[in-house]
Amino acid sequence: MANYIYDSRGNAVGFIRGRYIHSLNGTAIGQLNGTHVHKLSGGYVGELHKDMVVDKHLGNYGNIGNPGNPGNRGSVNYGYPDVFQTLLE
């Protein structure tokens, strides 16, 4: 079963399966190392906080290397900037 990731407006924007983050169309776009979120290419993006990818201003955790529609739950602000879109850049 997948855990959904939401943006700051409350829209589902992706999901977690195993240690990978996928866009809603199923494409793998990121990877998890604990709560640290990285692009598939390995670059650090932000932190997984509750059900969002956010910038907690913790610094840069470096590059970990390349590893090879549920609706709207309502707007939520955890006090950190939403950085999920960085995975798509």
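This one's a predicted model, so the numbers in the text were calculated from it and none came from an experiment.

Time to look at the overall build of the protein. For the protein, the helix and strand inventory stands at 0 helices and 7 strands. Ordering the α and β elements of the protein from the N terminus gives β-β-β-β-β-β-β.

Our next topic: the pattern of salt bridges. By the definition in use, this model includes 1 salt bridge. A salt bridge links R9 to D7; its shortest N-O distance comes to 2.8 Å. Take D7: its relative accessible area is 6%, and that puts it in the buried class.

As paired strands, strand β2 (residues 12-17) and strand β3 (residues 20-23) are joined by 4 bridges and run antiparallel to one another. Residue pairing across strands places G14 opposite S23, the latter belonging to β3. Relative to strand β4 (residues 28-33), β3 is paired through 3 bridges, and the arrangement is antiparallel. Directly across from Y20, in β4, lies its bridge partner Q31.

Conventions adopted
- Residues numbered from 1 in each chain as written.
- Predicted model: local features only at pLDDT ≥ 70, side-chain atom pairs only at ≥ 80, totals over all residues.
- Heavy atoms only, no water.
- Helix = DSSP H or I, 4+ residues; strand = E, 2+ residues; numbered from the N terminus.
- Salt bridge = Lys/Arg side-chain N within 4 Å of Asp/Glu carboxyl O.
- Buried < 20%, exposed > 50% of the residue type's maximum accessible area, 1.4 Å probe, protein only.
- Pairing = 2+ DSSP bridges.

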